[in-house]
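The primary structure of each chain is shown beneath.
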Amino acid sequence: MEVKTSLLDNMIGVGDMVLLEPLSEDSFIENLRNRFDHNEIYTYIGSVVISMNPYRALPIYTPEKVEEYRNRNFYELSPHIYALADEAYRSLRDQDKDQCILITGESGAGKTEASKLVMSYVAAVCGKGQEVNKVKEQLLQSNPVLEAFGNAKTVRNDNSSRFGKYMDIEFDFKGDPLGGVISNYLLEKSRVVKQPRGERNFHVFYQLLSGASDDTLKKLKLDRDFSKYNYLSLDSAAVIGLDDAANFRTVKNAMQIVGFMEDEVQSVLQLVAAVLKLGNIEFKPESRSNGTDESRIKDKNDLKEMCELLGIEQSVLERAFSYRTVEAKQEKVSTTLNVAQAYYARDALAKNLYSRLFSWLVTRINESIKAQTKARHKVMGVLDIYGFEIFEDNSFEQFIINYCNEKLQQIFIELTLREEQEEYVREGIEWTNIEYFNNAIICDLIENHQNGILAMLDEECLRPGTVTDETFLDKLNTICAGHKHFESRQSKNSKFLTDHSLPHNCFRIQHYAGKVLYRAEGFVDKNNDLLYRDMSQAMYKAKHSLIKQLFPEGNPAKVNLKRPPTAGFQFKASVGTLMRNLQTKNPNYIRCIKPNDKKASHIFTDTLVCHQVRYLGLMENVRVRRAGYAFRQAYEPCLERYKMLCKRTWPHWKGPAREGVEVLMADLQVPADDFSYGRSKIFIRNPRTLFSLEERRRQCLQDLATLIQKIYRGHKCRSHFLLLKKSQIVVSAWYRRYAQEKKYQKIKSATTVVQSYTRGWQARKLLRELKYQKRCEEAVTTIAAFWHGTQARMELRRLKQEAQNKHAVTVIWAFWQGTKARRELRQLKEEARNKHAVSVIWAGWQGTKARRELRRLKEEARRKNAVALIWAYWQGLKVRRDYRKFFRANAGKKIYDFTIQRIMQKYFLGLKSTSPPMSPVDKSWPARPYRFLDGVHAELRKIFHHWRCKKYRSQFTEEKKAVYKEKLEASEIFKDKKALYPSSVSQPFKGDYLEITKNPKYQKLNSSVDAKVLLADVVNKINRANGKGTARIFLLTKKGVVLADQKTGQVKASVPLPDLASVSVSTQNDGFFALKLKEGSASAIKGDFLLSSERLIEIITKLHLTGATAADSERLNIDISDEFLVQFNHDKVCVKFIQGAARNGNGVSCKRKNNRLLEVSVPTTA
Ligand SMILES: Nc1ncnc2c1ncn2[C@@H]1O[C@H](COP(=O)(O)OP(=O)(O)OP(=O)(O)O)[C@@H](O)[C@H]1O
Ligand SMILES: [Mg+2]
């Protein structure tokens, strides 16, 4: 919920002077001081804001403050300039009313700062967007530019605006800024050539000299040293807290943002430099022959440089400083200038040049910031104009300024009263006429067309003949003497004749804000504002486009013999326009007051403030505002604020707010005279009534706070108590439960103990009884057993005796009976069968009858059979019963045999299903079932294996047999003898690896071999000299061995098998083999062959087998040893195999060690 606040909350003194009670100048100032001391620099008079200059940065202009005051009612929060700005902006935006903000106050009171605060507030709360932001930025940045050229340090203010400024900011229907228009009033141009003690020239001169780069200064022909320029006062060139160099950058940047072109900025700076140069031109007198004095330029250097800067011919300007031409109709008269006149002309030119430049700047800024659309717009005007000035020595400028303030006061009173009146009418309150001082009469004294002071001054200026300030004063004395507000020593009013405070050369005007004494000296001259035509013509001749533009009257083609309008006239006209403009707008006032003359914070000088309060007419303002009713407030906030004072309106009033307020006032018994009901507001006549309401409210709020506190405390205590109570119940419940649980546990354990004791006692008793009973029973049983035992043993002895006697007879009898019974049974069976056969034949013939008979017979036979069987069984049974114990001995063996038979049968049948697969390599064999079958089982395994091997062999083809034969042979030769052998087992012996018959490359070689090739492969022939290998094709045929060149296939050596004596190989994992030839054979001329092949096993096996099958050769010897002799030519060389480490990943290496030794190093296999 939004908290409604009011201006009346936390007030220091009174926030609105209208509520001041009692109202007097003292209480007014005391209230201002009280608030100022508490950093409350803003105070209202109704809707007027009084602003005290704090002379220090207060934290009241933050973005948070902007948000706080945004969209709030004027009286809702404590007084602030933002409240006024917000009110003005909102009524502009929402009610479509053009606004003007009039900021007045004396120099240094904070007008310019206030205007900037208003602008920045409006900029912060109005619309946003790229275009809008640009406009805002341009409007805001126009300030630094104008301040640089139009502000100066004065004794009153370090940043004193030396011109009046009115700025119209234009908004569209949404309240977004569109642009603006600036009007400037009366720049204090005299400052350009002369500054009072302790003051400076316009900031821009110092900024340029301190801030511009060396390069720029060089271009402008300037020196950084202020002391080089006559126009710059030196005693306060540097101002504390003012950084001219930094400000120069700010100004340049601002000019760029506002839209100045680079060449425009340069032109402006050239003009500023020209003014400085102009100040340095000095003159000396030179007497002429005709006795007149003539002036001459002392040092032409500055003139030259200035002329260069502005593009003026030096002689032209020089002449302009020496002569004055007066044109009257057809005549032209030239007169020479004396030194004083030359200086006058120089300064007039400097002043004009600068003030025109300033006006041009304003026009140029206006061009940039003007609204781009022609659409209807709303306007907010901000007027920052010099305040009323009363100095010791007041001149034409003060007269003009005070006239302007007089006009503003007039419009202020007029508009305030009008507004007041309008509100009364709006609210239906009766309007009672208010007595107030109307300063129209003073305005009239100054501006009246016929006999106003300005009109007379103009008249004097235009009058032919000698015109001086004295003649002007005389004129005033004659014409205005009768005026109530005009005072002069020479006036007809005798009371001033002896007034020594009024010098003869002065006149005094009683302004609304006090009496001001004006010295007539300089009035005529300043009003004339004379620039010799020669000067403007010289300027017009300049090549510099801007300066040409500034002096259009210098155009010889447009010679205007009419005098230009006087300064007074121009000012009056522009003030008139301004007033008309302001009258169409809704005014908002900011009255600035400076608290002290020292530019110091925390100092409040009563006399100074009192003086300002007087001439700002603030008391008058309060009185007007309070004339009818001092305070007014809309019904809703009023009811909201005071509803607690009446039971009927507290806490809620359901009806309309006005009725609520009526009930409230009636209940509070406020005298009916003290207030009136308007349409939407209540009007309270006297602040006392309001304060009594406030006091009652404060009291009531205290009571309410006490009540809220009381109820809250009661509620808090009760809640606490209830919580305690609830907790206590919970705690006691838990405790009781715990106690009872403990008690119960105790009783329970006691009971258990008693119970266990009782049960134990009973059990023991019972146990004793049972034990006794059991012992009795056992005794009886033992006795009986012993007795039965004795009986039984006696019977047993008897029976044993009897049985021994009968045994032989019984056995024989039993056998005989058995045999007899079986024989009879067989007989009966035979008989029955015979009968059955007869019956079948009979039945076949006799059909059903016979079968029936047969069945009968069968039945009969069966019955007989059964009888016999039963008989036999009975006999058997009888025998078995009687002789069972004798059977056992025989039956055991039979059962044993039978069991053995049965086991064997099961074992053999079982083998059928558990026998292993038919593969000869399969090693599996079922486990033996019984240990006694151990031998049989092993034997059977062997038989089974032989049998399946035979079966397997029977499947072999002849070729396969040959392969296996070779493999078998290899195994016989190499197994466990050569380490290379195991790796060859899994390799099939392919024989023709080179596919010699198919490969066309070997066609020739194939054809040169006449027998069938059994093996063809590439082998390495070891060089006898160095042990290196050369690749050779190795062919084995039935007849012999052929070695051929690998590339060409050319036969290198052919050895018939019979020439081979033996083959030598090592025991190791190498492929070296030596083919040894029989001594004396044809092949043995070159000696033995030492070859090497991976397929050594296959080669030697095949060679061995071939040698064996060849009819005319003996079996080839295969010699396996790690050292053998080989015949090379005529030498016997020993080939020795040693174990060595693998080199370069390569396997075997062969080296010729010496004539007798060839060493083959074979890597040890891991
Ligand atoms: N609201 C403020 N907060 C802090 N300092 C302020 C404020 N208003 C004014 N000042 C200080 O007072 C100085 C003078 O203020 P400002 O230039 O606005 O006076 P002015 O009324 O425009 O005077 P002039 O008529 O000479 O132009 C400022 O430079 C600033 O230091
Ligand atoms: Mg100012």
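Given the structure is predicted, the values throughout are model-derived calculations rather than measurements.

S.K.: Lay out the overall build of the protein in plain terms, naming residues and giving numbers.
M.R.: For the protein, the helix and strand inventory stands at 32 helices and 31 strands. At 73 Å, the protein has a C-alpha radius of gyration far larger than the 32 Å of a compact globule built from 1166 residues. Dimensions of the protein along its principal axes, counting C-alpha atoms only, are 200 × 125 × 75 Å. Across the 1166 residues of the protein, 45% fall into the buried class. Within the protein, contacts between residues separated by at least 24 positions form 63% of all contacts whose residues are at least 6 apart in sequence. Entry remark: accessible area of the protein is about 64,200 Å², with carbon and sulfur atoms responsible for 54%.

S.K.: Could you give an account of helix α7 (residues 203-211), with specific residues and numbers?
M.R.: The buried fraction of α7 amounts to eight of the nine residues, a majority that puts the element mostly inside the structure. If you check which residues of α7 are buried, you get His203, Val204, Phe205, Tyr206, Gln207, Leu208, Leu209 and Gly211. Among the structural elements, α5 (130-150), β4 (151-152), α8 (214-219), α9 (244-258), α10 (262-280) and α13 (339-369) are those in contact with the buried residues of α7.

S.K.: Report on the nonpolar core, specifying residues and quantitative values.
M.R.: Nonpolar side chains tend toward joint burial in soluble globular proteins. Residues Phe28, Phe149 and Phe507 are the most contacted members of the largest nonpolar core, which totals 215 residues. In terms of residues, this core owes the most to one element, α13, which gives 15 residues.

S.K.: I'd like a description of the UniProt feature "binding site: ATP" (unreviewed entry) in the protein, backed by residues and values.
M.R.: Under the present numbering, the feature "binding site: ATP" (unreviewed entry) in UniProt falls on Gly105, Glu106, Ser107, Gly108, Ala109, Gly110, Lys111 and Thr112. Looking at the secondary structure, you find glycine 108 in the loop between β3 (99-105) and α4 (111-125). Of the residues examined, glycine 108 reaches a relative accessible area of 8% and is grouped as buried. Filtering out sequence-adjacent residues up to four positions away, glycine 108 remains in contact with Asn53, Tyr55, Arg156, Asn157 and Lys594.

S.K.: Before we move on, can you summarise the coordination of the magnesium ion (ligand 2) with the specific residues and values?
M.R.: Protein-derived ligands of the magnesium ion (ligand 2) are Thr112 (OG1) and Ser161 (OG), with the metal-ligand distances lying across 1.9 to 2.0 Å. Taken together, the residues threonine 112 in helix α4 and serine 161 in strand β5 (residues 160-161) connect sequence positions 49 residues apart. Given a relative accessible area of 16%, serine 161 falls into the buried group.

S.K.: Describe in detail the sheet that holds strand β1 (residues 42-45), supporting the description with residues and values.
M.R.: Pairing is mixed in the open sheet, where seven strands are placed in the order β1-β2-β16-β3-β12-β6-β7. The open sheet has two edge strands, β1 and β7 (177-185), and neither has a second partner. For this sheet the average axis-to-axis angle between neighbouring strands, irrespective of direction, equals 20°. Here strand β6 (residues 164-171) pairs with β7 via eight bridges, running antiparallel. The residue of β7 that forms the bridge with phenylalanine 171 is proline 177. Packing of α13 onto the sheet brings it into contact with β6 and β7, and relative to β7 it is tilted by some 170°. Contacts from helix α21 (residues 567-583) reach β3, β6, β7 and β12 (378-384), with the element oriented near 35° to β6.

S.K.: Before we move on, could you go through the sheet that holds strand β22 (residues 1040-1045) and cite the residues and values that matter?
M.R.: If you trace the eight strands from one edge of the open sheet to the other, you get β23-β22-β21-β20-β26-β25-β24-β27, paired in mixed fashion. Either end of the sheet is taken by a strand with one partner, and the two such strands are β23 (1051-1056) and β27 (1117-1120). With strand direction ignored, the average angle separating the axes of adjacent strands in the sheet is 30°. Taken together, the five bridges between strand β21 (residues 1029-1037) and β22 define a ladder with antiparallel strand orientation. The residue of β22 that forms the bridge with leucine 1036 is valine 1041.

S.K.: Describe the site of ligand 1, listing the residues and the values that go with them.
M.R.: The environment of ligand 1 is made up of 17 residues, and the closest members are Ser107, Lys111, Thr112, Ser160 and Ser161. Residue asparagine 159 places a main-chain N or O atom 3.4 Å away from an oxygen atom belonging to ligand 1. Note that an oxygen atom of ligand 1 is positioned 2.6 Å from one of the backbone N or O atoms of serine 161. For ligand 1, whose unbound accessible area comes to 620 Å², protein coverage reaches 85%. For the shell around ligand 1, the secondary-structure elements that each account for two or more residues are α4 and β5.

S.K.: Tell me about unusual backbone geometry, and name the residues and values.
M.R.: The phi angle of most residues is negative, glycine excepted, and most peptide bonds adopt the trans form. Following glutamate 21, the chain continues to proline 22 via a peptide bond in cis, the omega torsion being -5°. Considering the arrangement of structural elements, one finds proline 22 in the segment before α1 (25-37). Of note, the bond from tryptophan 650 into proline 651 is cis; its omega dihedral lies within 30 degrees of zero at 0°. Relative to the helices and strands, proline 651 is located in the loop between α24 (635-642) and α25 (657-668). The phi dihedral of tyrosine 55 falls on the positive side, at around 55°, and the residue is not glycine. Along the chain, tyrosine 55 turns up in the loop between β2 (48-52) and α2 (63-69). Even without glycine at this site, leucine 186 takes up a positive phi of about 40°. If you trace the backbone, leucine 186 turns up in the loop between β7 and α6 (190-193). Owing to a relative accessible area of 29%, leucine 186 belongs among the partly exposed residues under this scheme.

S.K.: Outline the packing of aromatic side chains, supporting the account with residue identities and numerical values.
M.R.: Here the structure, examined in full by the defined rule, presents 40 aromatic pairs. When the centroid spacing of 5.4 Å and the interplanar angle of 55° are considered together, the rings of tyrosine 907 and phenylalanine 908 count as tilted. In this structure tyrosine 907 comes out as buried when scored by relative accessible area, which is 7%. A residue is classified by how much of its surface remains accessible, and phenylalanine 908, at 42% relative accessible area, is partly exposed.

S.K.: Break down the packing of helix α3 (residues 81-94) against α4 for me, citing the residues and quoting the values.
M.R.: The N-to-C vectors of α3 and α4 enclose an angle of 55°; their axes lie 9 Å apart at closest approach. Relative to α4, the element α3 lies oblique. Crossing of α3 over α4 shows right-handed handedness. Residues Ile81, Tyr82, Ala85, Asp86 and Tyr89 of α3 form the contact with α4, whose participating residues are Ala114, Leu117, Val118, Tyr121, Val122 and Val125.

S.K.: Mind laying out the pattern of salt bridges, listing which residues take part and the relevant values?
M.R.: What the rule picks out here adds up to 71 salt bridges. Glutamate 553 is the partner of arginine 356 in a salt bridge, and the nearest nitrogen-oxygen pair spans 2.9 Å. Of this pair, arginine 356 sits in helix α13 while glutamate 553 sits in the loop between α20 (545-550) and α21, placing them 197 residues apart in sequence. Where glutamate 802 meets lysine 806, a salt bridge forms, and the shortest distance between an N and an O atom there is 3.2 Å. Residue glutamate 802 and its partner lysine 806 are both found in helix α26 (residues 687-846); the two are separated by four residues, about one turn of the helix. Judged by its relative accessible area of 31%, glutamate 802 is partly exposed. With relative accessibility at 47%, the residue lysine 806 sits in the partly exposed group. Among the charged side chains, a network of salt bridges with common partners joins Arg162, Glu188, Arg191 and Glu199.

S.K.: I'd like a description of the pairing of β6, backed by residues and values.
M.R.: The element β6 is largely enclosed, with a buried count of eight among its eight residues. Judged by which residues are buried, β6 turns out to be covered on both faces: Gly164, Tyr166, Asp168 and Glu170 on one side and Lys165, Met167, Ile169 and Phe171 on the other are all buried. Hairpin remark: β6 followed by β7, antiparallel, with five residues in the connecting loop; positive phi at glycine 175, about 95°.

S.K.: Which residues make up the environment of proline 1163, and what are the values?
M.R.: Position of proline 1163 among the secondary structure elements: in strand β31 (residues 1157-1163). Proline 1163 sits in the buried class, given a relative accessible area of 18%.

S.K.: Tell me what's going on with a positive patch on the surface, and back it up with residues and numbers.
M.R.: Together, Arg822, Arg823, Arg826, Lys829 and Lys894 give the surface a local cluster of positive charge. With four residues, α26 is the largest single contributor of residues to the positive patch. One can find arginine 822 in helix α26.

S.K.: Talk me through the environment of isoleucine 441; I want residue IDs and the actual numbers.
M.R.: Structurally, isoleucine 441 is set in helix α15 (residues 440-447). Since its relative accessible area comes to 32%, isoleucine 441 is described here as partly exposed. Put simply, isoleucine 441 and valine 840 are 399 residues apart on the chain and 177 Å apart in space, counted from C-alpha to C-alpha.

S.K.: For the side chain of glutamine 410, give the residues involved together with the corresponding values.
M.R.: Its location among the elements puts glutamine 410 in helix α14 (residues 396-427). Non-local contacts of glutamine 410, meaning those with residues more than four positions away in its chain, are made with Asn439, Ala440 and Cys443.

Calculation notes
- Residues numbered from 1 in each chain as written.
- Chains lettered and ligands numbered in written order.
- Predicted model: local features only at pLDDT ≥ 70, side-chain atom pairs only at ≥ 80, totals over all residues.
- Heavy atoms only, no water.
- Helix = DSSP H or I, 4+ residues; strand = E, 2+ residues; numbered from the N terminus.
- Rg over C-alpha atoms; globule rule 2.2 N^0.38 Å.
- Buried < 20%, exposed > 50% of the residue type's maximum accessible area, 1.4 Å probe, protein only.
- Contact = heavy atoms within 4.5 Å.
- Areas by Shrake-Rupley, 256 points an atom, 1.4 Å probe, with all protein chains shown as cover.
- Core = buried A, V, L, I, M, F, W, Y, C linked by side-chain atoms within 4.5 Å.
- UniProt positions renumbered as here; feature names shortened; annotations may be inferred.
- Donors = N, O, S within 2.8 Å, 3.2 Å for Na, K, Ca; no water.
- Pairing = 2+ DSSP bridges.
- Axes fitted to C-alpha atoms, helices over the stretch in contact; angles between N-to-C directions.
- Near = heavy atom within 4 Å.
- Polar contact = N/O pair within 3.5 Å; in protein donor to acceptor, adjacent residues only side chain to side chain.
- Phe/Tyr/Trp six-rings, centres within 6.5 Å; stacked < 30°, edge-to-face > 60°.
- Parallel < 35°, antiparallel > 145°, perpendicular 65-115°, else oblique.
- Left-handed = near helix turned anticlockwise from the far one by under 90°.
- Salt bridge = Lys/Arg side-chain N within 4 Å of Asp/Glu carboxyl O.
- Patch = residues over 30% accessible without salt bridge, like charges linked within 9 Å, V, L, I, M, F, W, Y side chains within 5 Å.
- Lys, Arg positive; Asp, Glu negative; His and termini not counted.
- Charge placed at Lys NZ, Arg CZ, Asp CG, Glu CD.

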